[in-house]
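Remarks on the overall topology
Listed below are the residues making up each chain.
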Amino acid sequence: MSDSDTEFPLQEGTDFLDLERMLGAAPRRQKNFEDVMKAVSQINDISPEALTKLEQTAKKEDEMAVLPEAIQLASGPRIQSVYGSPFPSHLFKLKTVFVCDYCMQFFDGQHSLSRHRTKGCLKGPPGVEIYRKEHISIFQVNGHLEKNYCHNVCLVSRLFLNSKTIIHQTEHFMFYVLTVCDEHGYKFAGYFSKEMYWPHSFTMLCLMVLPSYRSQGLGRILIALSYAMARREGKLNGPETPLSADGKFAHEQYWMWAICNYLNEKSVFEKVHTHGISLAEISKATGINCHDVLRMVGEAGWLDLSDPPNEKGVHIPKLNFNWDFISETVNKEHLKCRTGKPQFDESCLHWQVQKITPEMNGFDNYEGKGQDIGDIETEHDPSVPSASGPVELQGKTKEDKAEDSPRAIAKKFVKVVKKNKKKSKTSKRHM
């Protein structure tokens, strides 16, 4: 068999440098080397020349090229990328990455994706369904337990969010994945992430809706869900700042609607236009941070500072609501609901407050934001050990007080039994 008839088995992700060292050393194998390069280019769906051209056209100053160029979803849509994302090396150089939007696995071709679908992949996110209304379902996915799924979600979101930074470390976050149900399962449409450990500093950290599902009210549903959860937690928080342009626009729309909806319901319930409503009352009822409420009220022109300042030189603001604008805003939202646009319904939310601590996941030295986790958990039960150190008790110390408890006696008994078993084993060995 001659050198020209030699066959070289190719695998996806073959390195050109390795091939050149193997085949390009001898001049008589130059033709084989060129043939193999063409075959590898076809497998990887992009040639070195096309990759160089793409980098030259897409690279601006110190910015990275947008790779991959697009993602192809199993449900049908092909979505063009906006920013680059650090996909695995065997996928990064592809023009198109094929994504199963039911289980969020990546593939390098349509054949591999179709084969995966026929073998029976997951029909939806690997989490707990906490919300369902019509064809919209939201799942709570634990970033500590489902690292691979959450990591893939972050990689996809990086294609459309320039501010997305946390991709690999998902252990400390909870993901709330919004899906659209069809005959095949639950298709990924968007998500937001939130701090897993109590207390939460923000209502959400990252929000993303796929471009193919935008302008359908799904972002509003996710934002409304985050504030519904904050109200149940008794927190007056807001999203992590700074917000992106799209995130800021979506949140401001929700803030204005939530404020108008509350004022409209209150005025209708009392049969008169309400006067003397405070910003704190609006904030508590809607779950929106007081600063965000103040900013929206100020931008709407409902703050009246015409009165002279007090003896300290401070103006006492008065709220003069535009009730026509409030009624019009609420009616517009009701019109969207009648046209079939999905709306968030808190009665369909089946979720309870969860106070998860780092110790539950094995992170003993995790430093959370805000107050110490141990202080929060032991606020009402000082006998529970604190992560920040021993808790001082009046009179007896903690150890003295728990010395005679049934649990302490049981622990001592177990230690004695284990010690005796260990001694008996060692004595048998020496016999």
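Residues numbered from 1 in each chain as written. Predicted model: local features only at pLDDT ≥ 70, side-chain atom pairs only at ≥ 80, totals over all residues. Heavy atoms only, no water.

**A few points about the UniProt feature "active site" (unreviewed entry) in the protein**
For clarity, the threshold we go by: UniProt positions are given in the numbering used here, feature names are shortened, and annotations may be inferred rather than shown by experiment. In DSSP terms, a helix is any run of H or I states spanning at least four residues, a strand is any run of E spanning at least two, and both are numbered starting from the N terminus.
In the numbering adopted here, UniProt assigns the feature "active site" (unreviewed entry) to E240. For E240, the location among the structural elements is in the loop between α7 (218-233) and α8 (245-269).

**Quick word on the pattern of salt bridges**
Inclusion rule: When a carboxyl oxygen of Asp or Glu lies within 4 Å of a side-chain nitrogen of Lys or Arg, that pair is called a salt bridge. Buried means the residue's accessible area, taken with a 1.4 Å probe over protein chains only, is under 20% of the maximum for its type, while exposed means over 50%, and partly exposed covers the values in between.
Tallied over the entire structure, the rule returns 12 salt bridges. Where K133 meets D345, a salt bridge forms, and the shortest distance between an N and an O atom there is 3.7 Å. Highlighted residues: K133 in strand β5 (residues 128-133) and D345 in the loop between α11 (323-338) and α12 (373-377), separated in sequence by 212 residues. Using a relative accessible area of 28% as the deciding quantity, one classes K133 as partly exposed. A cluster of three or more residues bridged by salt bridges with shared partners is formed by R231, R232 and E346.

**Describing the sheet that holds strand β4 (residues 105-107)**
Defined as follows: Being paired, for any two strands, means DSSP has found at least two bridges between them. Axis definition: a line fitted to C-alpha atoms, over the contacting stretch in the case of helices. Angles run 0 to 180 degrees between N-to-C directions.
If you trace the 4 strands from one edge of the open sheet to the other, you get β2-β1-β3-β4, paired in mixed fashion. With one partner strand each, in any of the chains shown, β2 (78-80) and β4 form the two edges of the open sheet. Between one strand axis and the next, the sheet turns through 30° on average, direction left out of account. For strand β1 (residues 70-73) and strand β3 (residues 96-100), the ladder comprises 4 bridges, and the chain directions are parallel.

**Let's talk about helix α10 (residues 290-299)**
We count it as follows: The directions considered for the arc run from the helix axis to the C-beta atoms. Polar contacts, as counted here, are pairs of nitrogen or oxygen atoms within 3.5 Å of one another; within protein the pair requires one atom able to donate a hydrogen and one able to accept it, and residues that are adjacent in sequence qualify only if both atoms are side-chain atoms.
Turning to α10, its buried residues number three or more, namely D292, V293, M296 and V297. End-on view of α10: buried residues confined to an arc of 130°, all on one side of the axis. Within α10, the exposed residues directed more than 90 degrees away from the buried face are H291 and E299. Of the residues that open α10, the one with a side-chain oxygen 2.8 Å from the backbone nitrogen of H291 is N289. Backbone geometry just after α10 places G301 at a positive phi near 80°.

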